Amino acid sequence: EGMALPQRLLFPLEEICMDWQQRQRPGAGLCNLGSTCYINVILQCLTYTPPLANYLLSRDHSQLCHRQGFCMMCIMEAHVRKVLRSSANIIWPRAVVRDLKFIGDEFEPDMAGDAYEFLRCALEAMQRACLSGSSDVDISSQTTTIIHQIFGGFLKSRVTCLRCQAVSDSYKAFLHVLLDIKAPSSLTTALEDFVTPKNLDGKYCLKCSKYEKKVTASKRVTVHRVPKVFTVCLERAADHTGKKISKIVEYPEYLDLRPYMSDTAGEPLLYSLYALVVHSGDTCLDGHFFCYTKASNGQWYKMDDESVDNCGIHAVLRQQAYLLFYAR
C-alpha cells in the first residue's frame, strides 16, 4: 500500500503477550528526588503496560545486551523488576535521574519537566537501545523493535488536489498521538477532529504534479495501522506562554479506534484504558503530576510519588487527564 516492507524483523509480533503473566498486588511508590514527579508518573505508566512489563521481567534484553554505558532498556528492566518484584514500599529511581541527560538534553535533575516530553524521550531512548548494534537496519525494519511493536502504529496522510482531484498518499510511524482539545470536550470528538480533512491554502498551498503550480488542496490524516498500545496526549498548553487549558475532557474506559481508521469498515478495534497521567496546577509551567494505573490484579490505584492508594473506576474517569494509555 505504498509502505516499504521491512527487510528484517527485529522482534516478532506474535511474541508480545498483552495479558499479565503474573497477577499480584501493585508494586512500590516512587520517591520524588526533587521536582521528579514528571518522571515518576511515566515510569509508573510504563511499568503497568502489560506487554512491556512482561518483556522486561523476562530479562531477554539484558541477557543479549552488549551496549557499553547507558542503555535505557537495561535501566527500565532493572527498574520494573525492582518495582514489581521487591517487597519495598518505596523505591528511589536514582538510575533514571542519574542518566537524565542521556534520555533528553532538556532535562535537569533539579528542574521541573513535562511528563509528555519525558514519555517521548524515554520511548526514543528505549528505541535507540533496541537498535544498538544494528547500524545497517533500514527505516522500515526500525519499526519492528519491541518498542514499535507495542506502542507503534502508522498514520496515513492523503492530500487531494481540489482542482484536479489527484491524490497523493504518505505514511508515517507514530508511538503516540497529540490531540488538540481547544474545541473538543471529549476524546472521541478530539479524534474526530484529528481525522477531519483540512484545507491547505495560502502559504500552505501544495504544488500539483499535474498543473506544475501551487493549488488549494485538502489533507486528511487517518490511523492506518493500529498499535497494541494507543498513547494519547491531550494538548493542554493553550499557547507558548504556559497558559493551560484546564477543562475536563471526557474519555471512555473502552475506546473503539475503527471510526478513525483509513478503512472504517470491519470489526471494532477495541481498547481498554489502563493508565492515565494528570497535571494539577494553574499553568503548564508549574504544578504537580500524578497518575492512575491498573495493576495486574485488575484493581485501579492512584500513584502520587511515594503513595499508592486503591481507587475505583469512577474516580479514574473523572480526572483532568493529560496522557491516556489504552491497550488492545
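Refer to the structure printed above.
In what follows, the accompanying structure is described. (Residues numbered from 1 in each chain as written. Predicted model: local features only at pLDDT ≥ 70, side-chain atom pairs only at ≥ 80, totals over all residues. Heavy atoms only, no water.)

A closer look at the pattern of salt bridges
Applied cut-off: Salt bridges are defined as contacts in which a side-chain nitrogen from Lys or Arg sits within 4 Å of a carboxyl oxygen from Asp or Glu. Only runs of H or I of at least four residues qualify as helices and only runs of E of at least two qualify as strands under DSSP, and these elements are numbered from the N terminus. Burial classification: accessible surface area is computed with a 1.4 Å probe over protein chains only, and a residue below 20% of its type maximum counts as buried, one above 50% as exposed, and the rest as partly exposed.
Tallied over the full model, the rule gives 6 salt bridges. In this structure, Glu-124 engages Arg-120 in a salt bridge whose closest nitrogen and oxygen atoms are separated by 3.4 Å. With Glu-124 and Arg-120 both in helix α7 (residues 115–131), this residue pair falls 4 residues apart, about one helical turn. Residue Glu-124 is classed as partly exposed on the basis of its relative accessible area of 34%. Notably, a salt bridge pairs Asp-169 with Arg-158, separated by 2.8 Å at the nearest N-O pair. Taken together, the positions of Asp-169 in strand β4 (residues 167–174) and Arg-158 in strand β3 (residues 153–161) put the pair 11 residues apart, joining distant regions of the chain. Taking the relative accessible area as the measure of exposure, Arg-158 reaches 35% and is therefore partly exposed.

Considering the packing of aromatic side chains
Ring pairs (aromatic) are described by centroid distance and by the angle formed between their planes. Our working definition: Only Phe, Tyr and Trp rings are paired, with Trp represented by its six-membered ring, and only when their centres lie within 6.5 Å; those with planes under 30 degrees apart are stacked, over 60 edge-to-face, the remainder tilted. Whether a charge lies above a ring is judged from NZ of Lys or CZ of Arg, which has to be within 6 Å of the ring centre and within 35 degrees of the ring normal.
One pass over the full model with this rule turns up 10 aromatic pairs. Look at Tyr-38 and Phe-107: their rings are 5.7 Å apart centre to centre, the planes differ by 35°, and that puts the pair in the tilted class. Highlighted residues: Tyr-38 in helix α1 (residues 37–47) and Phe-107 in the loop between α6 (100–103) and α7, separated in sequence by 69 residues. Both residues of the pair, Tyr-38 and Phe-107, belong to the buried class. By the ring-pair criterion, three or more aromatic residues cluster together here, those being Tyr-38, Phe-107 and Phe-118. For Lys-302, the ring lying beneath its charged end belongs to Phe-290, and the centroid distance is 4.7 Å.

Focus: the packing of α1 against helix α4 (residues 72–85)
As a reminder of what qualifies: Angles here are taken between N-to-C directions and fall from 0 to 180 degrees, while the axes themselves are lines fitted to C-alpha atoms, restricted in helices to the stretch in contact. Working definition: roughly parallel below 35 degrees, roughly antiparallel above 145 degrees, roughly perpendicular at 65 to 115 degrees, and oblique for all remaining angles. The contact criterion used is simple: two residues touch if any of their non-hydrogen atoms lie within 4.5 Å. Under the scheme applied, nonpolar residues are Ala, Val, Leu, Ile, Met, Phe, Trp, Tyr, Cys and Pro; charged residues are Asp, Glu, Lys and Arg; polar residues are all the others, including Gly.
Here α1 crosses α4 at 80°, and the two axes come no closer than 10 Å. By the angle between their axes, α1 is roughly perpendicular relative to α4. Residue-level inspection shows Leu-43, Gln-44, Leu-46 and Thr-47 of α1 in contact with α4, the latter providing Met-76, His-79, Val-80, Val-83 and Leu-84. By residue class, the composition of the contact of α1 with α4 is 6 nonpolar, 3 polar and no charged.

Looking at the sheet that holds strand β9 (residues 217–225)
Sheet strands associate in pairs through backbone hydrogen bonding, adopting either a parallel or an antiparallel arrangement. What counts is decided by this rule: Two strands are counted as paired when DSSP detects at least two bridges linking them.
The strand order across the open sheet built from 4 strands is β4-β3-β9-β6, with neighbouring strands paired in antiparallel fashion. Among the strands making up the open sheet, the edge pair consists of β4 and β6 (198–200). The sheet shows a mean angle of 30° between the axes of neighbouring strands, direction not considered. As defined by bridge partners, β3 adjoins β9 across 8 bridges and the pair is classed as antiparallel. Among the inter-strand pairings, Cys-161 is bridged to a residue of β9, identified as Ala-217. Most of the contacts of helix α10 (residues 187–195) go to β9, to which it runs at about 125°, and overall it touches β3, β6 and β9.

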